[in-house]
Amino acid sequence: MEVLREMAPQVLATMVRRFRQFEACEDAVQEALLAASLQWPDQGIPANPRAWLTTVASRRLADQWHSDQARRRREATAAVLDTPAEFTAPGPDEAPSDRDDTLVLLFLCCHPDLSPPSQVALTLRAFGGLTTAEIARALLTPESTVAQRISRAKQRIRSAGIQYPLSGEMYTSRLRMVLHVLYLIFNEGYASTSGPDLLRGELTREAIRLTRTVHRLLPDDGEVAGLLALMLLTDARSGARTTPDGALIPLDEQDRTRWSQQVIQQGTALVTRALASGGPVGQYQLQAAIAAVHAEAVRPQDTDWRQISALYQLLEQTSPNPMITLSRAVAEAMVCGPEEGLALLAPLDQDKRMRDHHRFHAVRGHLLEMAGDLSAARDCYEAAAQRTNSVPEQRYLALRSNRLNQPTPR
């Protein structure tokens, strides 16, 4: 049921806030969801499904603690039973609380003590409702590895403790982590770093759904709106990014009539409002603005590359990053010629991380091809193809290289 998928993170968040034990609360919520999936089809959905699930989960948790004969568990149970009224679960027929703890749950999944892969896995598990097997398939990672990451993440959270409420500094720092994790999930879905498929819709859809939730909870945060806008404007092009057999189609060759204009309008409206709010402008708003400029162009030759170049310069000042420099180099090449773009790439050649990254070689190959140095461009495309684990990217780069091997028609 869709209502269970929607309610699950809200109920888990409420349980974790009240009882402070992530793993035990997750088990209790899963039992409540199972009970609902068995009872609701016959008995109907309760008037207050969230309260029903919270009540059942709380009872399951109390039963679990009562069944443990250890003294410490009995004392914990007694403490739970003596919890003040403001923390007790509402009855199935009681009005729901206005308090929404889902954002706190997401912040918990992005705990700073966790590695980014663990943050992603735990977010998809607790906040997205995916099973371990589903996460493993989505991330193209062995199920045992995902299970270990989730288990270790829960242990780290248990040892670090769950702190309520978040301080201002914790809120600010963790919100950046939350947005970064959602950004990683979306990017892995939109341009998979490995495997046979370029697009993995289950990840992009989940990232957009989770970001919509954060935006609903923080409607005035410009960067949250910017990230959601960026996802929508990027995802609007999904239908034109591959051929029927899954081959990659670059931006300038896409059939733009297949872009979703409805989604583009949503994303453009979001970033326009965020930029007009007068608040600080961050990296996601700037990236969304760049995506909006691309979306405005009916044809590739209509693209306002000067505006895109200016936005990339601002983005590079706001969030210095070699990957941003790569994109800026392409924009500069479109405005001032490939030599300008190649000049921007030159310092990156000293960065080992970039020399080992396929995108660096792919961009340099593209600019060299624009400059007419076809032999060097071919070598770059071959180097890029050797460095990516994405099958569609490998095929596309190999095709670019092979085309440059063909004799030029007289």
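No experiment lies behind these values; they were computed from the predicted model shown.

Undergrad: Could you give me a rundown of the packing of aromatic side chains, with the residues and numbers involved?
TA: Counted by the stated rule, this structure contains 3 aromatic pairs. Arranged with centres 5.8 Å apart and planes meeting at 10°, the rings of Phe186 and Tyr190 form a pair that is stacked. Of this pair, Phe186 and Tyr190 both sit in helix α9 (residues 168-190), 4 residues apart, roughly one helical turn. Across the pair, Tyr190 and Phe186 agree in class, each one buried. Across from the ring centre of Trp259, 5.9 Å away, lies the NZ or CZ of Arg237, which sits over that ring. A cation over an aromatic ring shows up here: Arg241 above the ring of Tyr190, its NZ or CZ 3.9 Å from the ring centre.

Undergrad: Which residues make up the pattern of salt bridges, and what are the values?
TA: Within this structure, the stated rule accounts for 12 salt bridges. Its salt-bridge partner being Glu26, residue Lys154 comes within 2.3 Å of it at the nearest N-O pair. Of this pair, Lys154 sits in helix α8 (residues 143-160) while Glu26 sits in helix α2 (residues 22-43), and the two are 128 residues apart along the sequence. Residue Lys154 shares its accessibility class with Glu26, and that shared class is buried. A salt bridge links Arg299 to Asp302; the shortest N-O distance between them is 2.9 Å. Of the residues examined, Asp302 reaches a relative accessible area of 36% and is grouped as partly exposed.

Undergrad: Which residues make up the layout of surface pockets, and what values go with them?
TA: Computed from the structure, the second largest pocket encloses a volume of approximately 340 Å³. Forming the walls of the second largest pocket are 15 residues, and the residues nearest its centre are Gln30, Leu33, Gly129, Leu130 and Thr131. Counting residues per element, the ones that place at least two in the lining of the second largest pocket are α1 (2-19), α2 and α6 (116-127). Within the lining of the second largest pocket, the residues separate by chemical class into 8 nonpolar, 3 polar and 4 charged.

Undergrad: I'd like to hear about the state of the cysteines, residue by residue, with values.
TA: In the structure shown here, the tally under the stated rule is 0 disulfides. With no disulfide of its own, Cys110 has Cys109 as its nearest cysteine by sulfur position, at a separation of 6.4 Å. Judged by relative accessible area, Cys110 falls into the buried class, the value being 0%.

Undergrad: Could you give an account of the packing of helix α12 (residues 261-276) against helix α13 (residues 283-296), naming the residues involved and the relevant values?
TA: Angle between the axes and distance between the axes: these two values describe a pair of packed helices. Packing of α12 against α13 brings their axes to within 10 Å, and their N-to-C directions diverge by 135°. With respect to α13, the axis of α12 lies oblique. The interaxial crossing formed by α12 with α13 has left-handed handedness. Note on element contacts: α13 touches α12 through Gln285, Ala288, Ala289, Ala292 and Ala295, opposite Ile264, Thr268, Val271, Ala274 and Leu275. Here the residues of the contact of α12 with α13 sort into 8 nonpolar, 2 polar and no charged.

Analysis parameters
Residues numbered from 1 in each chain as written. Predicted model: local features only at pLDDT ≥ 70, side-chain atom pairs only at ≥ 80, totals over all residues. Heavy atoms only, no water. Phe/Tyr/Trp six-rings, centres within 6.5 Å; stacked < 30°, edge-to-face > 60°. Helix = DSSP H or I, 4+ residues; strand = E, 2+ residues; numbered from the N terminus. Buried < 20%, exposed > 50% of the residue type's maximum accessible area, 1.4 Å probe, protein only. Lys NZ or Arg CZ within 6 Å of the ring centre and 35° of its normal. Salt bridge = Lys/Arg side-chain N within 4 Å of Asp/Glu carboxyl O. 1 Å grid on protein atoms, 1.4 Å probe; cavity = no way out; pocket = protein on both sides within 12 Å on 5 of 7 lines; lining within 4 Å. Points joined across faces, edges and corners; volume = space filled by probe spheres on them. Nonpolar A, V, L, I, M, F, W, Y, C, P; charged D, E, K, R; others polar. Disulfide = S-S within 2.5 Å. Axes fitted to C-alpha atoms, helices over the stretch in contact; angles between N-to-C directions. Parallel < 35°, antiparallel > 145°, perpendicular 65-115°, else oblique. Left-handed = near helix turned anticlockwise from the far one by under 90°. Contact = heavy atoms within 4.5 Å.

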